[in-house]
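Remarks on the overall topology
Below, each chain spelled out in residue letters.
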Amino acid sequence: MSVVHSRRHDRGGNDIRRTARPGRGRRGFTLIELSIAISILMIGMVSVLSATSRMHSLRKQNRERAMAQNATRSVAERIHSRAYELSADPGTWAEEMIAVFSPGGEFGDTFDVRGLSGVSDRPADGTITILTDETATDQEIGFRIGLPRDLNGDGDADDPDVSADARVLPVLLEVQWRSQSGTSSYRHAMYVLGY
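Let us look at the structure shown here.

Cut-offs used in this document
- Residues numbered from 1 in each chain as written.
- Predicted model: local features only at pLDDT ≥ 70, side-chain atom pairs only at ≥ 80, totals over all residues.
- Heavy atoms only, no water.
- Helix = DSSP H or I, 4+ residues; strand = E, 2+ residues; numbered from the N terminus.
- Expected span 1.5 Å × (residues − 1).
- Contact = heavy atoms within 4.5 Å.
- Phe/Tyr/Trp six-rings, centres within 6.5 Å; stacked < 30°, edge-to-face > 60°.
- Buried < 20%, exposed > 50% of the residue type's maximum accessible area, 1.4 Å probe, protein only.
- Salt bridge = Lys/Arg side-chain N within 4 Å of Asp/Glu carboxyl O.

**Some thoughts on helix α1 (residues 31–86)**
When the terminal C-alpha atoms of α1 are compared, their 82 Å separation across 56 residues agrees well with the 82 Å that a helix rising 1.5 Å per residue should span. On its buried side, α1 packs onto α2 (93–100), β3 (110–111), β4 (126–130), β5 (168–179) and β6 (182–193).

**Digging into the packing of aromatic side chains**
For the structure shown, the criterion picks out 1 aromatic pair. The interplanar angle of 55 degrees and the centroid separation of 5.3 Å between the aromatic rings of F101 and F107 together place this pair among those described as tilted. By relative accessible area, F101 is classed as buried at 5%. Taking relative accessible area as the criterion, F107 reaches 21% and is therefore assigned partly exposed.

**Overview of the pattern of salt bridges**
Applying the stated criterion across every chain, the model contains 3 salt bridges. Its salt-bridge partner being E85, residue R82 comes within 3.1 Å of it at the nearest N-O pair. Of this pair, R82 and E85 both sit in helix α1, separated by 3 residues, roughly a single helical turn. For the salt bridge of E106 with R82, the shortest nitrogen-to-oxygen distance reads 2.8 Å. Highlighted residues: E106 in the loop between α2 and β3 and R82 in helix α1, separated in sequence by 24 residues.

Structure (structure tokens):
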């Protein structure tokens, strides 16, 4: 190996010697460097694809939930409207409400939600349940709506059936559908008044 010496002078006139050793010049990447770079690139691409897939799945779940909420809101408005129409005759209000929203009634106890796939063992996507038992508890029905409660205004909450004279009725709405992650549901509870 040859050594090349060069001379230079600094500002004070002193000699400065430099020694340069010729070496191999870098002309590109080594195979190991290239492998590491490709690995990092692949990890990045997989991460981006995974995040994109997850975002698509979340977007679909949010869209399905919004459809269920909108359908439930529409049914709740219809129930409130019918309760108001029937409240002109307080003596038959509860019986008529139950008749309208029971199986085989004018509206029925189920409703469809467009755009959602129903669960195979259920006849429809949404169900309507009107409670007439004052003694039922929140734990028994699976909703937190403040039961037991006096529904007929007689001063106690111990009547097992107030369908003939109720002034307040709890209504439970539930939508179930088949989603990517299995069975999904949306539940809503409310009261309707016969005043």
